[in-house]
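Take a look at the letters that make up each chain.
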Amino acid sequence: MWYLRASPPGLFKDTILTHSDQPRPLQSRASGPLTGKVRVPGDKSISHRALILGALAVGETRISGLLEGEDVLNTAKSMQALGARVQRTGDFAWTVNGVGVGGFAQPKAPLDFGNSGTGCRLVMGAVAGCPISAVFDGDASLRSRPMRRILDPLEKMGARVTAGEGGRLPLTLQGARDPLPITYQTPVASAQIKSAVLLAGLAAPGTTTVVETEASRDHTELMLRHFGADITSVQEGRHGRRITLVGQPELHGANVAVPADPSSAAFPIVAALIVEGSDVVLSDVMTNPLRTGLFTTLREMGASIEESEVRGDAGEPMARLRVRASKLRGVEVPPERAPSMIDEYLVLAVAASFAEGTTIMRGLQELRVKESDRLEATAAMLRVNGVTVEVSGDDLIVEGRGHVPGGGTVATHMDHRIAMSALVMGCASDQPVSVDDTAFIATSFPDFIPMMRSLGADFS
Ligand code: S3P
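Residues numbered from 1 in each chain as written. Predicted model: local features only at pLDDT ≥ 70, side-chain atom pairs only at ≥ 80, totals over all residues. Heavy atoms only, no water.

**With respect to the overall build of the protein chain**
Assigned secondary structure in the protein chain consists of 13 helices and 27 strands. Relative to the 2.2 N^0.38 estimate, which gives 23 Å for 460 residues, the radius of gyration of the protein chain is 21 Å and therefore close to what a compact globule would have. Principal-axis analysis of the C-alpha atoms places the extent of the protein chain at approximately 60 × 50 × 45 Å. The buried share of the protein chain, taken over its 460 residues, is 61%. Taking the intrachain contacts of the protein chain between residues at least 6 apart in sequence as the baseline, contacts between residues at least 24 apart amount to 75%. Approximately 15,900 Å² of the protein chain is accessible, and the part contributed by carbon and sulfur atoms is 49%. With 45 positive and 51 negative side-chain charges, the protein chain shows a separation of 2 Å between the mean positions of the two kinds. (Helix = DSSP H or I, 4+ residues; strand = E, 2+ residues; numbered from the N terminus. Rg over C-alpha atoms; globule rule 2.2 N^0.38 Å. Buried < 20%, exposed > 50% of the residue type's maximum accessible area, 1.4 Å probe, protein only. Contact = heavy atoms within 4.5 Å. Areas by Shrake-Rupley, 256 points an atom, 1.4 Å probe, with all protein chains shown as cover. Lys, Arg positive; Asp, Glu negative; His and termini not counted. Charge placed at Lys NZ, Arg CZ, Asp CG, Glu CD.)

What follows is the structure, given as structure tokens:
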């Protein structure tokens, strides 16, 4: 595990990183009401994309509010290894001087993405359109995740891949000298697949098209436009989209203000809902409708989440959210909502455990290929804490009884969101909830523990 310590401004290679491989167990127990105002860290998806597009642009990109979590720092390191100049100019403030579309240099060492599927897969797309070869690697979790879904379209565009069984990491990707534009229908609703194809399509002459049956998060499209690309996204019918990118644009450096991450906000939000008497305010939370399925679902369950100060930057809306403890009831979550809340089912399952009645979450097959098998891991987290839960095919069914016995120890499986969800559960359970290892929280939310303590959570 690498952590960025308060580091002086300067070239990214000068930043101070400390290393620890020791598991970090923690226990969470019920506390008094959670109160206060916080800003959770910058959005992870937007942070990765700002670094990558900054590296592919000509001129300087200034990023404020960057998530300085391990996943994003690995993307920053890879952009530097590919020839961009990446500098940290202050707290969460970074500049990137890019090399231009197709201009990546041959990296001297393997690119290590640690725990991050997003960083790895998006950079594969960006490299696929450059005449260089790069080795992609990651930790044990990332090495077990499927990459064929990305490699298949990139090979159609002219990249060549040498990989192990099932296209797993570590693998070598040889980018195309003359990348081909393609029309690609994504086999699953995945912003990572869509983004990899679009980033490769930047270097191809002509028009690259991605068709998705269910709309996935559109940050790549919005940010490509912000950097000067000619890209259109047309809704086709009730669900699904056709995204068209004209290749070989001159991307120009841009300013990116990263809003707070709704997927990180999900943890203090659910904690505030389940701890009696809580009243928590979260500022600048991104409210892009393709990311807010959790908020919709929680409101259907009876949650009090008030939005104010609604505004937007580079097409990404954000708002201040006030969350007050609420009596929740079980609901059915339709499968088509999954892409807009794919990272939030773990913490939704925690909310569902404290609700009255049954919550049925349908169509969760993609959860099986995240940082861990989140479908089984979520069920295990609930079960070990006395909640009745069933995995039925790709559905998760949670029997809410208004309270959670707790008392269990949750296995994290190298998955930050399991660790944070379990700690949130302990905030209101009858007995404390223990987590075997909190170290992976640093991948997406390095200040989670102190921030939750500042609201009144009892973690020890
Ligand atoms: C992400 C897309 C999602 C999500 C991940 C971030 C992104 O993955 O789970 O945490 O930034 O594009 P898929 O698009 O593969 O579902």
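Once you've had a look at it, read on.
**Describing the packing of helix α8 (residues 262–274) against helix α9 (residues 293–300)**
Remark: α8 packs on α9, axes separated minimally by 10 Å, with the N-to-C direction vectors making an angle of 15°. One way to sum up the angle between α8 and α9 is to call them roughly parallel. Our pair here, α8 against α9, has a crossing hand that is left-handed. Residues Pro 262, Ala 266, Ile 269, Val 270 and Leu 273 of α8 form the contact with α9, whose own contacting residues are Leu 294, Phe 295 and Leu 298. Here the contact of α8 with α9 is composed, by residue class, of eight nonpolar, no polar and no charged. (Axes fitted to C-alpha atoms, helices over the stretch in contact; angles between N-to-C directions. Parallel < 35°, antiparallel > 145°, perpendicular 65-115°, else oblique. Left-handed = near helix turned anticlockwise from the far one by under 90°. Nonpolar A, V, L, I, M, F, W, Y, C, P; charged D, E, K, R; others polar.)

**Observations regarding the sheet that holds strand β15 (residues 231–235)**
Read across the open sheet, the four strands follow the order β13-β14-β16-β15; overall the sheet is mixed. In this open sheet, the two strands that pair with only one neighbour each are β13 (183–185) and β15. Pairs of neighbouring strands in the sheet enclose a mean axial angle of 15°, with direction left out of account. Of the strand pairs in this sheet, strand β14 (residues 207–212) and strand β16 (residues 241–246) are connected by six bridges, and their pairing is antiparallel. Pairing of Glu 212 across the sheet is with Arg 241, part of β16. Those strands touched by helix α7 (residues 219–226) are β15 and β16, and its axis lies near 145° from that of β15. (Pairing = 2+ DSSP bridges.)

**Thoughts on the packing of helix α1 (residues 44–56) against helix α3 (residues 117–128)**
Closest axis-to-axis distance for the α1/α3 pair is 10 Å, and the angle between their directions is 20°. Considering the angle they form, α1 stands roughly parallel to α3. When the axes of α1 and α3 are compared, the crossing they make is right-handed. On α3, the residues touching His 48, Arg 49, Ile 52 and Leu 56 of α1 are Thr 118, Gly 119, Leu 122, Val 123 and Ala 126. A class-by-class count of the residues in the contact of α1 with α3 yields five nonpolar, three polar and one charged.

**Section: the state of the cysteines**
In total, this model carries zero disulfides according to the counting rule given. With no disulfide of its own, Cys 130 lies 15 Å from the sulfur of Cys 120, the closest cysteine sulfur. Taking the relative accessible area as the measure of exposure, Cys 130 reaches 0% and is therefore buried. (Disulfide = S-S within 2.5 Å.)

**Points about the pattern of salt bridges**
Per the counting criterion, the structure on display carries 32 salt bridges. In this structure, the salt-bridge partner of Asp 137 is Arg 143, at a minimum N-O distance of 2.7 Å. The residue Arg 324 makes a salt bridge to Glu 306 at a minimum N-O spacing of 2.3 Å. With Arg 324 in strand β20 (residues 316–324) and Glu 306 in strand β19 (residues 304–313), the pair connects residues that are 18 residues apart, well separated along the chain. What you see here is one network of salt bridges that share partners, running through Arg 145, Arg 217, Asp 343, Glu 371, Arg 374, Asp 415 and Arg 417. (Salt bridge = Lys/Arg side-chain N within 4 Å of Asp/Glu carboxyl O.)

**Topic: the environment of Arg 168**
Considering the arrangement of structural elements, one finds Arg 168 in the loop between β11 (160–163) and β12 (171–174). Between the C-alpha atom of Arg 168 and that of Ala 272, which follows or precedes it by 104 residues, the distance is 39 Å. Ignoring anything within four residues of it in the chain, the contact list for Arg 168 reads Arg 143, Ser 144, Arg 145, Pro 146 and Ala 163.

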